[in-house]
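Architecture and fold: a report
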Amino acid sequence: MRHFRKILLTFFAVALAASAALAGPALQMRVTLTQPNGERFSAVKRGDEFMNWYETAGNYAVLKDATTGYWVFAKASSSGGLARSAVPYSVKAAAPSGATKNFAPTKATMVRLRANYTSPTSFKASPANTAATAASTWTSNPISGTREAIFIRVNFQDATFKSTSEDAKEQIWGDTHSVRRYYLDQSHGKLDIISADFGGVKKDIIEITMTSADYNGGKHPDLLLDAESCGHYYYSHINEVTFVTSVLKRTGLNFVQFDKNNDGIIEADELVVYLLLAGYEKSASVRRPSVWMHAWQSWVNEGDEHNVYVADDKKTMLGPWSYGGELSEMIVQSQDVSLPLAGGVVHELGHQLCKLPDLYDVNYVNDGLGVFSVMAGCSWGCRVGELPGATPCNFDAWSRKYLSWDTPQTFTPSGSPINLICGTPRNGVFPIARINSPRVDSTYEYILAEVRNPNASDWDGGISGRLEFTDVSLPASFKGGVLLLHIDERTGSGSLAAGNDFNVSSNGCHQGNMAIWADGDSRAENAGSGTYKSLWYAGNGTTPDTMFYGSRDVTVASIFSGVSFSSFSSSGEFVSVVASRRKTGGGCNAATFPLLLLLGALPLVLGKIK
């Protein structure tokens, strides 16, 4: 591993930007693509499983022609996506008429694609797609206790693992810096992912090899699970159901027992099933055979071909599952590297187990929460010198609130001084503050404040590697700043099942969970993923934008919330800020109060939970 870290530092010389849902975002780093004639050019992978492409240094979208093997200029298609032209890309060649630069699909296109990803029957019946849309809100989804899980490493006749089961076991189940440890830390010990109990025999990670009698003759499923190759998600879902069913059967394990409430469906709160596939991870690779990491589920109302049955009698089905590939050659040019498991697995379990939406912009206009959430671009988090994904950063404050792992201290600026003193990580009281508007209904729209530190010794240290090769250097002396989040829970469908659209960006619409940056507008097109300068502390930034939407109706003009922030203290273990009520028409009244936010708004920054 030390050898790979040295190689990484040598070759990994371009920024890792956050990307564009139940799929993980692409690892957006600049790589070199090679044409069949030997010409080489640099490009960045954009998008996610639903739509992905490469963008050249000149910002042209390019796609690969499977017949000729050439990377060709892409044009906008009539469906709102991209289509291949007949013109091979060349740095020196003139772009053909209609060649697409700075591509971003329309919201309507992404809604259509994601509708295909859900059971057609349940999608059409969802309140998010009826007149009841206006009543949809992202209400809390509390989760705690133990959750049994099994991870299945799947070898194929034409693809076998480069890494070992023991290495994977340590990354998933180890006492420190593992997937299990991550969720223990984020939940403050409330959620523990444990080995599945198969009749008194514990199974945490197992390894199998598909045989010629199994799905696809035991070969890697590759394009059979790719919607574009299949022509539609409906058909790729059928293939994936058959594949997952074949894998479960090959294990020889009795999964029926995990239907603990006897409703015929094994949900994630009964058993978490995650498949680790030999071969490449498409979100970080050009090579094949590959899959794009994602979470999916049986479609209960679409016929048996869409249901993963765990026994031949077809009485019990597996609800959700997740999977991802092993290898990338993008991280280290032309060298196959086993991707670290933590980031991708944590992100997909955020969907499968926690029912969290993606917090990158699933429409690819901006980067959403970027480096400030594992449900956004920081699923690829890493410390300096690590491989991307090795250290996913913390969940953002809204996600922890949504899961009832943190209860923000709530206040509304008023005429009387209020002293708000937040707790410390050591005693489990985490300093998240919710600031409500004194002028607008704050039931669903409010501001969250927390302290984040890319130089932290634990999970938020994963931000540092993401910033290493940006134009902004992270000072070693930086100790944290305030991250302000503008939340509007009326945005989107109101649940992951009804649509993964909480942070979708489009013209005339606002996003549900977006940072109020100190160094720009995170909502702007191509805004980037944020840096330490996006946080608030003395001498950085001027006045936070506290305009509220005031309504789900996007035609309603923004409303001033009546909240004003000023006098941020210096970066450090404590960051204080004066929060005031601003009178209508401007100006502040005399009632101000300090909000003390302790560095380590997240676990393990100052010390481990005892």
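A short note on the overall build of the protein chain
- From N to C terminus, the protein chain includes 10 helices and 29 strands.
- When each of the 610 residues of the protein chain is scored for burial, the buried share is 59%.
- For the protein chain, the accessible area works out to roughly 22,600 Å², and carbon and sulfur atoms hold 50% of it.

Observations regarding a negative patch on the surface
- On the surface, Glu166, Asp167, Glu170 and Asp175 cluster together into a negatively charged patch.
- Mapped onto the fold, Glu170 is located in helix 4 (residues 165-173).

Points about the sheet that holds strand 11 (residues 265-266)
- Pairing is mixed across the open sheet formed by three strands, whose spatial order is 11-16-15. Single-partner strands in this sheet number two, and they are strand 11 and strand 15 (308-309).
- As paired strands, strand 15 and strand 16 (residues 317-318) are joined by two bridges and run antiparallel to one another. Bridge assignment links Tyr309 to a residue of strand 16, and that residue is Met317.

Describing the side chain of Glu329
- Secondary-structure assignment places Glu329 in the loop between strand 17 (320-328) and strand 18 (337-338).
- Buried charge without a salt bridge: Glu329, with Arg287 as the nearest opposite-charge side chain at an N-O distance of 4.6 Å.
- Separated by 2.5 Å, the side chains of Glu329 and Ser285 make a polar contact.

Description of the packing of aromatic side chains
- Counted by the stated rule, this structure contains 26 aromatic pairs.
- Pairing Tyr234 with Trp299 gives two aromatic rings, centres 6.2 Å apart and planes at 45°, and the pair type is tilted. Pair noted here: Tyr234 is in helix 7 (residues 233-251) and Trp299 is in the loop between strand 14 (294-297) and strand 15, with a separation of 65 residues, a long-range link.
- Assessed through its relative accessible area of 25%, Tyr234 is described here as partly exposed.
- Judged by centre distance (5.2 Å) and plane angle (65°), the ring pair of Phe478 and Tyr537 falls under edge-to-face. Taken together, the residues Phe478 in the loop between helix 10 (462-467) and strand 23 (481-488) and Tyr537 in the loop between strand 24 (513-516) and strand 25 (547-548) connect sequence positions 59 residues apart.
- Overall, Phe478 belongs to the buried group, its relative accessible area being 4%.
- Put simply, the rings of Tyr182, Tyr183, Phe395, Trp405 and Trp459 pair up and form one aromatic cluster.
- Over the face of the ring belonging to Tyr60 we find Lys101, whose NZ or CZ atom lies 5.1 Å from the ring centre.
- One Lys or Arg, Arg153, reaches over the ring of Phe161 and ends 3.9 Å from the middle of that ring.

Looking at the pairing of strand 5 (residues 71-76)
- Relative to strand 5, strand 4 (residues 61-64) runs antiparallel, the two sharing three bridges. Bridge pairing links Val62 to Phe73 in strand 5.
- Here strand 4 hands over to strand 5 after six residues, with Gly69 in that stretch at a positive phi of 85°.
- Pairing of strand 5 with strand 6 (residues 82-88) involves four bridges; the strand directions are antiparallel. The residue bridging Lys75 from the neighbouring strand is Ala83, located in strand 6.
- Adjacent in sequence and paired antiparallel, strand 5 and strand 6 are bridged by five residues, among which Gly80 carries a positive phi angle near 95°.

Remarks on the sheet that holds strand 23
- What the five strands build is an open sheet, ordered 19-21-22-23-24; its pairing is mixed. The open sheet is flanked by strand 19 (409-411) and strand 24, the only strands paired with a single partner. Taking the axes of each pair of neighbouring strands and ignoring which way they run, one obtains an average angle of 30° across the sheet.
- Across three bridges, the pairing between strand 19 and strand 21 (residues 433-435) is parallel. Across the sheet, the residue bridging to Thr410 is Arg434, located in strand 21.

Focus on the environment of Pro142
- As for its position among the elements, Pro142 is in the loop between helix 3 (120-125) and strand 7 (145-155).
- Between the C-alpha atoms of Pro142 and Tyr402, which are 260 residues apart in sequence, the distance is 6.9 Å.

Thoughts on the pattern of salt bridges
- What the rule picks out here adds up to 20 salt bridges.
- The shortest N-O distance in the salt bridge between Asp488 and Arg490 comes to 2.8 Å. Accessibility classification places Asp488 together with Arg490 in one group, the buried group.
- One network of salt bridges, in which partners are shared, links Arg400, Asp406, Glu450, Arg452 and Asp460.

Comments concerning the nonpolar core
- Counting residues in hydrophobic clusters, the biggest one holds 95 residues, and the most contacted among them are Ile150, Ile152, Tyr183 and Trp398.
- One finds Phe411, Ile435, Ile516 and Phe548 within the second-largest nonpolar core, a separate group that totals 19 residues.

With respect to the packing of helix 5 (residues 179-186) against helix 8 (residues 342-352)
- Between helix 5 and helix 8, the shortest axis-to-axis distance is 9 Å and the interhelical angle comes to 55°. Between helix 5 and helix 8, the crossing angle belongs to the class labelled oblique. For the crossing formed where helix 5 meets helix 8, the hand is right-handed. Contacts between helix 5 and helix 8 involve Val179, Tyr182 and Tyr183 from the former and Ala342, Val345, Val346, Leu349 and Gly350 from the latter.
- Of the residues in the contact of helix 5 with helix 8, the class split is seven nonpolar, one polar and no charged.

Remarks on the pairing of strand 8 (residues 191-198)
- A large share of strand 8 lies buried, amounting to six of its eight residues.
- Sheet topology places strand 7 next to strand 8; five bridges connect them, and they run parallel. Directly across from Thr146, in strand 8, lies its bridge partner Asp192.
- Pairing analysis gives three bridges linking strand 8 to strand 9 (residues 201-203), with the strands arranged antiparallel.

Definitions and cut-offs
Residues numbered from 1 in each chain as written. Predicted model: local features only at pLDDT ≥ 70, side-chain atom pairs only at ≥ 80, totals over all residues. Heavy atoms only, no water. Helix = DSSP H or I, 4+ residues; strand = E, 2+ residues; numbered from the N terminus. Buried < 20%, exposed > 50% of the residue type's maximum accessible area, 1.4 Å probe, protein only. Areas by Shrake-Rupley, 256 points an atom, 1.4 Å probe, with all protein chains shown as cover. Patch = residues over 30% accessible without salt bridge, like charges linked within 9 Å, V, L, I, M, F, W, Y side chains within 5 Å. Salt bridge = Lys/Arg side-chain N within 4 Å of Asp/Glu carboxyl O. Lys, Arg positive; Asp, Glu negative; His and termini not counted. Charge placed at Lys NZ, Arg CZ, Asp CG, Glu CD. Pairing = 2+ DSSP bridges. Polar contact = N/O pair within 3.5 Å; in protein donor to acceptor, adjacent residues only side chain to side chain. Phe/Tyr/Trp six-rings, centres within 6.5 Å; stacked < 30°, edge-to-face > 60°. Lys NZ or Arg CZ within 6 Å of the ring centre and 35° of its normal. Axes fitted to C-alpha atoms, helices over the stretch in contact; angles between N-to-C directions. Core = buried A, V, L, I, M, F, W, Y, C linked by side-chain atoms within 4.5 Å. Parallel < 35°, antiparallel > 145°, perpendicular 65-115°, else oblique. Left-handed = near helix turned anticlockwise from the far one by under 90°. Contact = heavy atoms within 4.5 Å. Nonpolar A, V, L, I, M, F, W, Y, C, P; charged D, E, K, R; others polar.

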